[in-house]
Amino acid sequence: MGRLAIVAAMPQELQTLLDAMPDESRVQRAGRDFWVGHWEGRELVAVLSGIGKVAAAITTTLLLTEFEAQAVVFVGVAGGLGAGVQVGDAVVATELLQHDMDASPLFPRHQIPGLGKSRLPTDPALSGAVCAAAREALSHASGHGTRLLKDTPATVHQGLIVSGDRFVSSASESTALRQALPDALAVEMEGAALAQVCHDFQVPFAVVRTISDRADDTAHVDFARFIDEVARHVALDIVRGTLHRWP
């Protein structure tokens, strides 16, 4: 049972996790704070991903080389793209893709040069544990007293998450993504980069995103409140539930 890395997208999510770890100690590498400790009887290293694909790739590489993480779980928020993917839901990735990767005409659009593929699959066992933990976490989300969630029960979706170095915040951008990638469920800025590093190192990984907005012209509305009132609590519950279920 090796060290599990938890990568958080937002400082509030990371801090909520650190508050639960009784013995975390800080280790600095490449301008990043990595927190090494234990929780729920497991050895963990926790860190912020950094914003964007390059930052996330550097962070992930350090986790695997400097901290010898045996598996990686990414928790964060994202914009919903798929039909029925609503604010307060969660998406557990089965595969990830860089929506802004385009080396055509040398390679097909979205394909990663040198890999011969555009979609990188997550680890089925780890993602299964995360999915079960997310379902349990969302069933408790209404207990956080937020008024930002819809009245209907939150849903856990499984499928494609796409990443790119742009915060998608207009209806025209989200429509273009749906047309180019009709099976994409959510859009964010880091997951596919983490996926590529873990793929190359052959380390299992999972990515889960709570939906904070619909990646449209209202994407900025109540974002900070959503992080504080919903996302950080859900992230903590997902991590806890994953530790109980994997391996």
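Rules and cut-offs
Residues numbered from 1 in each chain as written. Predicted model: local features only at pLDDT ≥ 70, side-chain atom pairs only at ≥ 80, totals over all residues. Heavy atoms only, no water. Helix = DSSP H or I, 4+ residues; strand = E, 2+ residues; numbered from the N terminus. Contact = heavy atoms within 4.5 Å. Polar contact = N/O pair within 3.5 Å; in protein donor to acceptor, adjacent residues only side chain to side chain. 1 Å grid on protein atoms, 1.4 Å probe; cavity = no way out; pocket = protein on both sides within 12 Å on 5 of 7 lines; lining within 4 Å. Points joined across faces, edges and corners; volume = space filled by probe spheres on them. Nonpolar A, V, L, I, M, F, W, Y, C, P; charged D, E, K, R; others polar. Buried < 20%, exposed > 50% of the residue type's maximum accessible area, 1.4 Å probe, protein only. Pairing = 2+ DSSP bridges. Disulfide = S-S within 2.5 Å. Arc of directions from axis to C-beta.

A. Geometry of the environment of Arg245. Within the secondary structure layout, Arg245 lies in helix α6 (residues 223-245). In sequence terms Arg245 and Phe74 are 171 residues apart; their C-alpha atoms lie 16 Å from each other. With near-sequence residues (within four places) excluded, Arg245 lies in contact with Ala129, Ala132, Ala133 and Glu136. For Arg245, the side chain forms a polar contact with the main-chain oxygen of Gly241, separated by 3.1 Å.

B. Layout of empty space enclosed by the protein. Per the counting criterion, the structure on display carries one cavity of 30 Å³ or more. For the largest cavity, the calculated volume is near 50 Å³. If you go around the largest cavity, the residues you meet are Ile6, Ala8, Glu13, Thr16, Leu17, Val75, Arg232, Ala235, Leu236 and Val239. With four residues, the single largest contributor to the lining of the largest cavity is α6. Here the residues of the lining of the largest cavity are counted per class, giving seven nonpolar, one polar and two charged.

C. Seen up close, the pairing of strand β4 (residues 42-48). Summarising burial for β4: five of the seven residues are buried, a large majority. Relative to β4, strand β3 (residues 32-39) runs antiparallel, the two being bridged by five bridges. Its bridge partner being in β4, Gly37 is matched across the sheet by Leu44. Once β3 ends, the chain turns through two residues before running back antiparallel as β4, passing Glu40 with a positive phi of about 55°.

D. Summary view of unusual backbone geometry. Following Ser104, the chain continues to Pro105 via a peptide bond in cis, the omega torsion being 10°. Here Pro105 is to be found in the loop between β6 (90-98) and β7 (120-121). Cis geometry is found at the peptide bond from Trp246 to Pro247, where omega equals -5°. With respect to the helices and strands, Pro247 occurs in the segment after α6. Positioned with a positive phi, Glu68 is a non-glycine residue whose angle comes to about 55°. Mapped onto the fold, Glu68 is located in the loop between α2 (53-65) and β5 (71-80).

E. Focus on the state of the cysteines. Counted by the stated rule, this structure contains zero disulfides. The cysteine Cys131 is free of any disulfide, with Cys198 supplying the nearest cysteine sulfur at 19 Å. On the basis of relative accessibility, which here comes to 1%, the residue Cys198 falls in the buried class.

F. Inspection of the layout of surface pockets at higher detail. As a volume, the largest pocket reaches approximately 280 Å³. What lines the largest pocket is a set of 18 residues, among which Val77, Phe167, Met189, Glu190 and Phe223 lie closest to the centre. Contributing elements (two or more residues each) for the lining of the largest pocket: β5, β9 (184-188) and β10 (205-213). Of the residues in the lining of the largest pocket, the class split is eleven nonpolar, two polar and five charged.

G. Region of interest: helix α4 (residues 171-180). For α4, the complete set of buried residues consists of Glu173, Ser174 and Leu177. Considered in projection along α4, the buried side chains sweep an arc of 95° and stay on one side of the axis. Away from the buried face of α4 by more than 90 degrees, exposed residues Ser172 and Gln179 are located. Buried residues belonging to α4 abut β9.

H. Seen up close, the pairing of strand β2 (residues 25-29). Note: β2 against β3, five bridges, orientation antiparallel. Each residue of the ladder has a partner; that of Arg26, found in β3, is Trp35. Counted along the chain from β2 to the antiparallel partner β3, the turn is two residues long, and its residue Ala30 has a positive phi close to 50°.

I. View of the side chain of Ser170. Position of Ser170 among the secondary structure elements: in the loop between β8 (156-163) and α4. The buried category is assigned to Ser170, whose relative accessible area is 14%. A distance of 3.2 Å separates a polar atom in the side chain of Ser170 from a polar atom in the side chain of Ser172. At 3.0 Å, the side chain of Ser170 forms a polar contact with the side chain of Glu173.

All quantities given are derived from atomic positions and should not be read as evidence of function.
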